[in-house]
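# Structural overview for review
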Amino acid sequence: MNATVPTGSNICVFCGSAKGISPAYTEQASMLGRILAENGYGLVYGGARVGLMGAVADAAMAAGGKVTGVIPQTLVDREVAHTGLTALHVVASMHERKALMAELSSAFVALPGGLGTLDEFCEIVTWAMLGLHEKPCILLNTGGYWNSFLRFLDDAASEGFISPASQPLVQVADQIPGLLRLLAPRPL
């Protein structure tokens, strides 16, 4: 999908509630939050103040961006909700969280993360495969983090579980400038 995502649109970022072991993960998350804000994009994310989630949100807010968090009540109860956002939607379940994040967003980006990040990204790509949306789905492949997942997608396609027409639905950027080009491709 090479649809242009206009400035002012919300970009949903799926990412870890942990920081991971490489400082590059936090650096990229912070840089992405800042650059999205500087380019006039709003940020929609999981609403936590911890890990890469907190880093991307804090950086976007510090750069004057609009940041919307969507978090289930169970995580608010664990005191991980970010209270300094433009808006924080508290929902009843993870299912409601994903649905609202999708509704509020014009594109989806996955940073490094664990099973929750993978779940969110896979569900949104599945929705694209089913024709439920035509929004870009992008992996920011910081330090090759998503290489194993990309190999899995290739294997699933070669085994006949993912159609060749669906493979381009997952776009990959190794750096943030490439991610921005995927959001707003320039005519040649």
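Structural notes, computed from the coordinates.

Rules behind the numbers
Residues numbered from 1 in each chain as written. Predicted model: local features only at pLDDT ≥ 70, side-chain atom pairs only at ≥ 80, totals over all residues. Heavy atoms only, no water. Core = buried A, V, L, I, M, F, W, Y, C linked by side-chain atoms within 4.5 Å. Buried < 20%, exposed > 50% of the residue type's maximum accessible area, 1.4 Å probe, protein only. Helix = DSSP H or I, 4+ residues; strand = E, 2+ residues; numbered from the N terminus. Contact = heavy atoms within 4.5 Å. Salt bridge = Lys/Arg side-chain N within 4 Å of Asp/Glu carboxyl O. Axes fitted to C-alpha atoms, helices over the stretch in contact; angles between N-to-C directions. Parallel < 35°, antiparallel > 145°, perpendicular 65-115°, else oblique. Left-handed = near helix turned anticlockwise from the far one by under 90°. Nonpolar A, V, L, I, M, F, W, Y, C, P; charged D, E, K, R; others polar. Phe/Tyr/Trp six-rings, centres within 6.5 Å; stacked < 30°, edge-to-face > 60°.

## Some thoughts on the nonpolar core
Among the nonpolar cores identified, the biggest contains 34 residues, and Ile 11, Val 13, Leu 43, Val 109 and Leu 183 are the most heavily contacted of them. Of all the secondary-structure elements, those providing two or more residues to this core are β1 (10–14), α1 (23–38), β2 (42–45), α2 (51–62), β5 (107–110), β6 (137–140) and α7 (176–183). Beyond its immediate sequence surroundings of up to four residues, Val 109 is in contact with Ile 11, Cys 12, Val 13, Phe 14, Leu 32, Ile 138, Leu 140 and Leu 179. Core analysis: the second largest hydrophobic core is formed by 22 residues, Met 101, Ile 124, Trp 146 and Phe 149 among them.

## Some remarks on the pattern of salt bridges
Applying the stated criterion to the full structure yields four salt bridges. Residue Glu 38 pairs with Arg 34 through a salt bridge whose shortest N-O separation is 3.1 Å. Highlighted residues: Glu 38 and Arg 34, both in helix α1, separated by four residues, approximately one helical turn. Using a relative accessible area of 35% as the deciding quantity, one classes Arg 34 as partly exposed. The partner of Glu 120 in a salt bridge is Arg 97, and the shortest N-O contact between them spans 3.9 Å. With a gap of 23 residues between them, Glu 120 in helix α5 (residues 115–129) and Arg 97 in helix α4 (residues 94–104) connect regions that are remote in the sequence. Accessibility assignment for this pair places Glu 120 and Arg 97 in one class, buried. Look at the salt bridges and you will find they share partners, linking Lys 98, Asp 119 and Glu 123 into a network.

## Quick look at the packing of α4 against α5
The interhelical angle for the contact between α4 and α5, taken along N-to-C directions, is 55 degrees, at an axis separation of 11 Å. Taken as axis vectors, α4 and α5 run oblique relative to one another. Judged by the sense of rotation from one axis to the other, the crossing of α4 with α5 is right-handed. For the pair α4 and α5, the contacting residues are Arg 97, Lys 98, Ala 99 and Ala 102 in the first and Asp 119, Glu 120, Glu 123, Ile 124 and Trp 127 in the second. Grouping the amino acids of the contact of α4 with α5 by side-chain chemistry returns four nonpolar, no polar and five charged.

## Points about the packing of aromatic side chains
One pass over the structure, following the stated rule, counts five aromatic pairs. Seen from their ring centres, Phe 14 and Phe 108 are 6.0 Å apart, and the 5 degrees between their planes marks the pair as stacked. Of the two residues, Phe 14 is situated in strand β1 and Phe 108 in strand β5; the sequence distance between them amounts to 94 residues. In this structure Phe 14 comes out as buried when scored by relative accessible area, which is 3%. A residue is classified by how much of its surface remains accessible, and Phe 108, at 0% relative accessible area, is buried. Centre to centre, the rings of Phe 149 and Phe 152 are 6.3 Å apart; their planes meet at 25 degrees, and the pair counts as stacked. Residue Phe 149 and its partner Phe 152 are both found in helix α6 (residues 147–158); the two are separated by three residues, about one turn of the helix. Residue Phe 152 is classed as partly exposed on the basis of its relative accessible area, which comes to 49%. An aromatic cluster is defined as three or more aromatic residues linked by ring pairs; in this entry it consists of Tyr 25, Tyr 145, Trp 146, Phe 149 and Phe 152.

## Let's talk about the environment of Tyr 25
Relative to the helices and strands, Tyr 25 resides in helix α1. The exposure class of Tyr 25 is buried, given its relative accessible area of 18%. Remark: the alpha-carbon pair of Tyr 25 and Gly 113, spanning 88 residues in sequence, is separated by 9.3 Å.

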